[in-house]
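The lines below spell out each chain.
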Amino acid sequence: MNRISRRDVLKATAAMTAVGAGRLMLGPQPAAAATRYAGDAVTPRPVSMAMHIHAPWSEGAGSMQGHLEQATKAGIDVMWWTEHDFRMAEHGYPGLIHMNGPSEQVNGVEWKWAEQRQGTLASSEVLWDKAMASPGDETTPGSVRLSATSAGRDEAAVRISGTGANTVHQRSLYDQTIELDVFPAEVSPHAYLAVVISTSWRPATAGRPAGQYKLTYIVDGTQGKARKASGLEGVVHLPARQGRWNTLRFSPEEDLKRFWPDLESRDAAMLSLTLGAVSTKERRAEGWFDLLRISRPTRSADDVLKVQADLMAGYAHRFPAVRQYQGLEVSLFKPTHFNWFGPRITMPEFAKPQPVANPDPKAALSVVEMIHSTGGLVSYNHPFGTSHPAELSPAEQDALRASVAKTVLADRAMGCDILEVGYPSRGGVDLDRHAQVWDVCSRNAIFLTGTGVSDDHSGQNWLGQDSNFVTWAHAPSRELPDLLAALASGRVFFGDPARFSGVVDLQVDGSAPMGSVTTSTAATRNVRAILTGLPADGVVRVVQGTVDLAGPDKPEPGTTFTELPASEWAPGYVDLPIDTRSPRFVRIEVRDRTGQVLALSNPVWLLRDTPAEGIPAPRRAH
């Protein structure tokens with residue numbers, strides 16, 4: 001990226017014929033602009049949006065309750081629930097695990113059991129026993145025998161924890177039934193078999209601390225069914241006879257409801273499931289487990305969306321400051337996941353019976369077209385992937401940025417409307433290179449609205465975590481049509497809500513708003529950069545790029561930039577003269593004194609003629 005000097009900007013400014021010729025156009029902000037950002041009733045402040053949020057229908061500990069409390073504390077106006085589609089539908093999820101070995105294939109998905117030991121054990125064993133099977137699983141012989149004896153009075157245990165590939169062992173507890181065959185060989189109140197389910201994280205409530213709630217099901221030889229709750233753990237004693245096979249059957253959602261009636265029991269996921277033999281007082285616990293079944297009643301594909309909508313309505317009364325909207329992360333396509341924002345969310349069809357991605361690009365294009373046909377918008381998500389490794393070396397990041405940019409250009413971002421840009425770091429790639437992929441698109445007249453997101457799966461510490469970006473929309477209200485219009489037209493900016501609470505906007509030639517694509521044969525045009533809330537020691541980076549349609553063979557951003565100190569922005573805006581003898585795009589970045597990005601605008605495109613692909617209707621200046 002070539003750097004433009006401060007002197008270059010001043011020279012260009014001097015060439016502009018305008019009020020205050022020979023200097024940047026600083027002065028009293030017009031009354032209309034001042035009113036616009038004063039937060040009054042006529043033109044409200046920008047609407048803050050958390051646009052990529054996962055709760056109990058996705059992997060991770062997040063609950064809707066936890067996210068809504070965080071949104072309320074952070075002053076966020078709008079939250080979009082963007083659960084993974086196949087996870088909501090539990091498409092291809094393992095429902096029948098034969099337990100005939102430490103790993104097995106279920107519907108093409110690998111299921112594994114990992115051994116765990118707790119406390120001080122005198123002896124313990126995990127034995128995958130091919131000679132022992134429950135009567136219900138005789139066609140697939142095998143089971144697992146767990147035995148444990150503590151070395152003292154304190155509790156000690158041997159356990160196995162189940163995991164599915166791509167974390168498909170984590171699933172919503174809504175309407176779920178678990179059945180498990182168990183053969184207690186040696187159990188007592190001091191030495192027993194146990195099934196432990198950890199569930200979603202909740203904020204502190206009703207005198208209980210924040211944390212993950214846990215359900216423990218105990219087989220200790222008692223024949224009555226007893227329940228007891230203490231803090232965040234509920235214990236259920238299940239009757240089962242020693243020396244024979246028994247089928248345990250329980251509903252975690254129902255037990256959550258019984259133990260903690262103040263919680264919304266449907267707002268919970270099974271994060272982990274462990275089977276164990278637990279010993280105290282040197283007593284031996286021993287037994288076999290076989291044939292794990294996880295099921296729920298068969299319903300329509302969209303039933304789960306109705307349940308989510310019902311939860312949203314219930315939580316709206318508890319968290320009235322946050323407007324909630326259903327979105328959906330359509331996840332089983334290549335090259336990336338797509339977030340669906342719109343008025344009529346439905347569950348897409350899945351191409352394969354297994355929860356694996358369809359590599360056919362035509363399928364991805366088809367789903368984007370389907371979303372557009374419903375009046376929705378589509379986001380091209382996390383272009384550098386879903387992982388969170390340490391950042392790569394600069395050379396590796398540059399190479400990956402070029403590769404990703406080529407992919408995005410080759411299919412014109414699959415026809416998406418939005419690109420997730422605002423990740424401080426994702427896939428080992430920093431924010432600057434995320435923005436450079438966006439600039440490559442802008443250079444090639446692919447008009448994408450950049451957004452900042454957290455892709456949060458935990459519902460904890462929104463403002464304090466590394467990936468905490470939100471998006472602010474210049475919209476007249478929080479109503480869905482207004483928000484979609486702002487997103488479609490690029491009337492949004494994004495950044496770190498913990499460190500920036502100002503306003504960012506652009507205006508071209510006194511009328512065309514941020515996100516617009518305009519054409520003119522003028523040699524120089526004016527971009528007014530409007531900014532409030534800049535730290536006294538902060539800087540604004542003005543990024544300019546050519547729109548030369550360089551194509552996939554030249555996946556470089558082609559940008560230059562200059563930096564202006566906070567003192568230049570005292571009036572609330574700066575007028576930037578832009579040389580438009582060749583087509584350009586312009587955007588700004590708000591940075592602190594160390595260079596960290598606080599907020600980014602969306603671009604404006606200053607073209608000399610209409611591109612071959614046309615100008616999207618929402619981006620045409622009126």
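What counts, and at which threshold
Residues numbered from 1 in each chain as written. Predicted model: local features only at pLDDT ≥ 70, side-chain atom pairs only at ≥ 80, totals over all residues. Heavy atoms only, no water. Helix = DSSP H or I, 4+ residues; strand = E, 2+ residues; numbered from the N terminus. Salt bridge = Lys/Arg side-chain N within 4 Å of Asp/Glu carboxyl O. Axes fitted to C-alpha atoms, helices over the stretch in contact; angles between N-to-C directions. Left-handed = near helix turned anticlockwise from the far one by under 90°. Contact = heavy atoms within 4.5 Å. Nonpolar A, V, L, I, M, F, W, Y, C, P; charged D, E, K, R; others polar. Disulfide = S-S within 2.5 Å. Buried < 20%, exposed > 50% of the residue type's maximum accessible area, 1.4 Å probe, protein only. Pairing = 2+ DSSP bridges. Expected span 1.5 Å × (residues − 1). Arc of directions from axis to C-beta. Polar contact = N/O pair within 3.5 Å; in protein donor to acceptor, adjacent residues only side chain to side chain.

A. Quick look at unusual backbone geometry. Along the chain, K334 connects to P335 via a cis peptide bond; the corresponding omega equals 15°. Phi at A206 takes a positive value of approximately 55°, unusual for a residue other than glycine. Within the secondary structure layout, A206 lies in the loop between strand 12 (191–202) and strand 13 (211–219). The backbone of N461 sits at a positive phi, close to 55°, despite the residue not being glycine. Relative to the helices and strands, N461 resides in the loop between strand 25 (449–452) and strand 26 (470–473).

B. Structural detail: the pattern of salt bridges. Scanning the model with the defined rule gives 38 salt bridges in all. Across the salt bridge formed by R587 and E589, the nearest N and O atoms sit 2.7 Å from each other.

C. Spotlight on the packing of helix 8 (residues 394–410) against helix 9 (residues 431–443). Two elements in contact, helix 8 and helix 9, have axes whose closest approach is 9 Å; the angle formed by their N-to-C orientations is 35°. Along this stretch, helix 8 crosses helix 9, giving a crossing that reads as right-handed. Contacts from P394, Q397, D398, R401, V404, A405, V408 and L409 in helix 8 reach R433, Q436, V437, V440 and C441 in helix 9. Residues that form the contact of helix 8 with helix 9 fall into these classes: eight nonpolar, two polar and three charged.

D. The state of the cysteines, seen in detail. As enumerated under the stated definition, the model contains zero disulfides in all. For the unlinked cysteine C416, the closest cysteine sulfur is that of C441, found at 10 Å. On the basis of relative accessible area, C441 is assigned to the buried category, the value being 1%.

E. Structural view of the environment of D482. Tracing the backbone shows D482 in helix 10 (residues 480–489). For D482, a relative accessible area of 26% gives the class partly exposed. In this structure, D482 is in contact with A475, P476 and S477, ignoring residues within four places of it in sequence.

F. Expanded view of the sheet that holds strand 29 (residues 512–513). Here we have four strands laid out as an open sheet, ordered 29-28-31-34, and antiparallel in their pairing. Strand pairing shows two members of the sheet lacking a second neighbour, strand 29 and strand 34 (573–579), which therefore form its edges.

G. Inspection of helix 7 (residues 361–373) at higher detail. Across its 13 residues, helix 7 extends 18 Å between first and last C-alpha, which sits within 8% of the 18 Å expected from 1.5 Å per residue. When helix 7 is considered as a whole, its buried residues turn out to be A363, A364, V367, V368 and I371. Axial view of helix 7: buried residues confined to an arc of 140°, hence all on one face. The exposed residues of helix 7 that point more than 90 degrees off its buried face are K362, E369 and S373. Contacts made by the buried residues of helix 7 are with strand 19 (323–330), strand 20 (338–341) and strand 21 (377–380). Looking one or two residues beyond helix 7, the residue adopting positive phi is G375, at roughly 85°.

H. Looking closely at the environment of R541. Residue placement: R541 occurs in strand 32 (residues 539–546). Look at R541 and you get buried, because its relative accessible area is 13%. A C-alpha to C-alpha distance of 45 Å links R541 and A351, two positions 190 residues apart in sequence. Apart from residues no more than four positions distant in its own chain, R541 is found in contact with F561, T562, E563, R587, I588, E589 and R591. Only 2.7 Å separates the side chain of R541 from the side chain of E563, close enough to count as a polar contact.

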